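Below are the chains, spelled out letter by letter.
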Amino acid sequence: EQALEVKQPIFIDFTAKWCITCMVNKQAALQSDDLAKIVKEKNILLLRADATNKNEKISQALASYDRVSVPLYVYYDGKSDDYLILPQILTPAILKEYLQ
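Residues numbered from 1 in each chain as written. Predicted model: local features only at pLDDT ≥ 70, side-chain atom pairs only at ≥ 80, totals over all residues. Heavy atoms only, no water.

For Val39, the location among the structural elements is in helix H3 (residues 33-42). Taking the C-alpha atoms as reference, Val39 lies 10 Å from Lys96; in sequence the two are 57 residues apart. For Val39, the contacting residues outside a window of four places in its chain are Ile44 and Leu46. (Helix = DSSP H or I, 4+ residues; strand = E, 2+ residues; numbered from the N terminus. Contact = heavy atoms within 4.5 Å.)

Right, let's talk about the pairing of strand S1 (residues 10-15) for a bit. Counted residue by residue, S1 has six buried out of six residues, so it is predominantly covered. Burial along S1 is two-sided: the residues Ile10, Ile12 and Phe14 and Phe11, Asp13 and Thr15 are all buried. Direction of pairing for S1 relative to strand S2 (residues 45-50): parallel, over a ladder of six bridges. The residue of S2 that forms the bridge with Phe14 is Ala49. Two strands pair when backbone bridges link them, and S1 and strand S3 (residues 72-76) are joined in this way by five bridges, in the antiparallel orientation. Its bridge partner being in S3, Phe14 is matched across the sheet by Leu72. (Buried < 20%, exposed > 50% of the residue type's maximum accessible area, 1.4 Å probe, protein only. Pairing = 2+ DSSP bridges.)

Evaluation of the coordinates by the stated rule reveals one disulfide. A sulfur-sulfur distance of 2.4 Å marks the disulfide that ties Cys19 to Cys22. Between Cys19 and Cys22 the sulfur-sulfur dihedral comes to about 80 degrees; the bridge is accordingly right-handed. Residue Cys19 is classed as buried on the basis of its relative accessible area of 6%. Cys22 gets classed as buried once you look at its relative accessible area, which sits at 1%. (Disulfide = S-S within 2.5 Å.)

Note that every value here comes from positions in space, so none of it alone points to a role or purpose.
Put into structure tokens, the structure is as follows:
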């Protein structure tokens, strides 16, 4: 909420260790140099919501985006209160497209 108030861009990664898609996305895109560069340039706050163990707050947060499970990737650009939901399968190119 504080980051939203000061209009800082935010990227939320809803993930879990049992989620195969999450693990593939992590290796293929979320740990890429491309993402690191974008995060640094745009001062994006990276948040991770780990749903590996059942957590009511994470379940509620997922529900607030009309989702019940992971993966879910949400981006606030810092310019408005609106957000984007990224595709469930990520690549560096997809991250560039959505976060630029």
